Amino acid sequence: MVKWTDKERSTVRTVWESIDIDELGPEVLRRVLIVYPWTERYFGAFGDIFTTTAILQNPKVAAHGIVVLRALDQAVKNMDNIKDTYAALSRLHFEKLEVDPDNFRLLADCITISVACKLRAEMNPQVQATWQKFLQAVVDAMCAQYY
Amino acid sequence: MSLTDKDKAAVKALWAKISKSADAIGADALGRMIVAYPQTKTYFSHWPSTSYGSAPVMKHGKDIMGGVVLAVSKIDNLVAGLLDLSELHAFKLRVDPANFKLMAHCIMVSIATKFPAEFSPQAHVALDKFLANLALALSEKYR
C-alpha cells in the first residue's frame, strides 16, 4: 500500500479540485492519440482518428476522455486503496480490452502535461512530484491484475 | 521515429516562441527533475546544494538548455552535431541514458506551465520526438 503524508493528500486533492473533468478529459485523450499515434489501435470503434484534425473533432474521443478522468476521480477518492478500487478495471483492460500496460504510463504523462498547462506555476516541482507519485500508484494498480 | 520536415518545422516554430525563456526553462526543468526523481541527485553530490532555485541548479539548467539550443540548430543531423556532447556524456559524465527521458519530460512540463497555449498536442508530439532523437544522439558514443 502506498503511504501518503497529509501534505501529499491535500496536494492531490487541490490539484484535482482545480480541474474540470469535462474540459480536461477530452484534452488528455486527444493528446495521447496525437503524441502516441499507435494508441489508435484500441479505439477502432471511434471512427476517424487518423489525423490530428479528425482527433481534435471526434466526439467519441472527447466523451471517452471524460470517462477516463471520471475513473481517475475514484483513485483520488480512494488514495489508500487504489489497488482494490481499480482491480476490476485492471482485469477489464487485460482480459477484454487487451491494452499494453505501457500505455498507462503514456496516458499518465499526458495527464501531467495537460494539468501543467492548466495549473501553470501552481504546478511547482513539489506539486509535480506528488502528482506523479499519485499517477504512478494509479498506473501500478492498473497493471496489478495482468498475469 | 525520425524527424519529418513537419516535425522540424514545428520544433523550430515552438522554439522561436520560447527561446527567450531558455535559461528559465532549463533551471526550472532541472530543478523539477531533481525534486520529482530524487535518484538523479546521485549525479550532483559534488554540488553545495541541489535545491530548486539554488545557484548550481540554475547554472547547470542553463548549460543543459544550451545543449538543447545547439541541438535545434543541428536538427538536420543530430548525431553529427552532438558528437562532442555525446563523448562528454559517454566518457566523462557517464550519465545513465535512462535519465535523458526524465529530463525530456521535465523540459516539457516546464514548457507546458510557461507556454500552455503554444504547447499544443501538435507541438508536444514534435518536441517529444525531437528530445527522443536528441537523447539518442547523446547516447551515440556510449558503446
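Values in this document were obtained by computation on a predicted structure and should not be read as measured data.

A. Structural detail: the overall build of chain B. Tallying secondary structure elements over chain B gives seven helices and zero strands in all. N-terminal to C-terminal, the α/β element order of chain B is α-α-α-α-α-α-α. A compact globule built from 143 residues should have a C-alpha radius of gyration of about 15 Å, and chain B, at 14 Å, falls within 12% of that. Viewed in the frame of its principal axes, chain B has a C-alpha envelope of about 40 × 35 × 20 Å. Looking at the 143 residues of chain B, the share that counts as buried comes to 49%.

B. The arrangement of the nonpolar core in detail. Counting residues in hydrophobic clusters, the biggest one holds 82 residues, and the most contacted among them are L72(A), I82(A), V115(A), W131(A), F134(A), F119(B) and F130(B). Apart from the residues lying within four places of it in its own chain, the contact partners of I82(A) are W4(A), A75(A), F134(A), A137(A), V138(A) and A141(A). With 14 residues, the next largest nonpolar core counts L33(A), Y36(A), I55(A) and C110(A) among its residues.

C. Quick look at the interface of chain A and chain B. Every contact between the two is made by 22 residues of chain A and, on the other side, 22 residues of chain B. The contact between chain A and chain B buries some 1,800 Å² in all, and 64% of this surface belongs to carbon and sulfur atoms. Where chain A packs against chain B, one counts zero salt bridges. The interface formed by chain A and chain B contains eight residue pairs in polar contact (both at pLDDT 80 or more). Listed by contribution, the elements that provide at least two residues to the side of chain A that touches chain B are α2 (21-35), α3 (52-57), α7 (102-119) and α8 (125-143) of chain A.

D. Helix α6 (residues 87-96) of chain A, seen in detail. Residue and element names in this part refer to chain A. Within α6 the residues assigned to the buried category are A87, S90 and H93. The buried residues of α6 all sit within an arc of 135 degrees when viewed along its axis, so they share a single face. Opposite the buried face of α6, by more than 90 degrees, sit the exposed residues A88 and K96. The elements touched by buried residues of α6 are α5 (82-85), α7 and α8. Positive backbone phi, approximately 55 degrees, marks E98, located one or two places after α6.

E. Main features of unusual backbone geometry. Residues and elements named next belong to chain A. Within the chain, E98 stands out as a residue other than glycine whose phi angle is a positive 55 degrees. One non-glycine residue, R120, lies in positive phi territory at about 55 degrees. Here R120 lies in the loop between α7 and α8. For R120, a relative accessible area of 39% translates into the label partly exposed.

F. Examining the packing of aromatic side chains more closely. All names here are of chain A. Across all of its chains, the model carries 10 aromatic pairs over all chains by this definition. Where W16 meets W131, the ring centres are 6.3 Å apart and the plane angle is 20 degrees; that geometry is what we call stacked. Taken together, the residues span a long stretch of sequence, with W16 in helix α1 (residues 6-17) and W131 in helix α8 at a distance of 115 residues. Of the residues examined, W131 reaches a relative accessible area of 1% and is grouped as buried.

G. Spatial organisation of the environment of G65(A). All names here are of chain A. Along the chain, G65 falls in helix α4 (residues 59-77). The exposure class assigned to G65 is buried, which follows from its relative accessible area of 2%. A C-alpha to C-alpha distance of 7.8 Å links G65 and L24, two positions 41 residues apart in sequence. Each residue touching G65, except ones within four places of it in the same chain, is listed here: G25, P26 and L29.

H. Summary view of helix α3 (residues 55-73) of chain B. All names here are of chain B. Here α3 is 19 residues long and its end C-alpha atoms lie 27 Å apart, about the 27 Å a rise of 1.5 Å per residue gives. Every buried residue of α3 is accounted for by P56, V57, G61, M65, G67, V68, A71 and V72. Taken down its axis, α3 places every buried residue within 160 degrees of arc, on the same side. In α3, the exposed positions angled more than 90 degrees off the buried face are occupied by A55, K59 and S73. Those residues of α3 that are buried are in contact with α1 (5-18), α2 (22-36), α4 (78-81), α5 (83-93), α6 (98-114) and α7 (121-139).

Rules behind the numbers
Residues numbered from 1 in each chain as written. Chains lettered and ligands numbered in written order. Predicted model: local features only at pLDDT ≥ 70, side-chain atom pairs only at ≥ 80, totals over all residues. Heavy atoms only, no water. Helix = DSSP H or I, 4+ residues; strand = E, 2+ residues; numbered from the N terminus. Rg over C-alpha atoms; globule rule 2.2 N^0.38 Å. Buried < 20%, exposed > 50% of the residue type's maximum accessible area, 1.4 Å probe, protein only. Core = buried A, V, L, I, M, F, W, Y, C linked by side-chain atoms within 4.5 Å. Contact = heavy atoms within 4.5 Å. Buried area = accessible area lost by both parts, 1.4 Å probe. Salt bridge = Lys/Arg side-chain N within 4 Å of Asp/Glu carboxyl O. Polar contact = N/O pair within 3.5 Å; in protein donor to acceptor, adjacent residues only side chain to side chain. Arc of directions from axis to C-beta. Phe/Tyr/Trp six-rings, centres within 6.5 Å; stacked < 30°, edge-to-face > 60°. Expected span 1.5 Å × (residues − 1).

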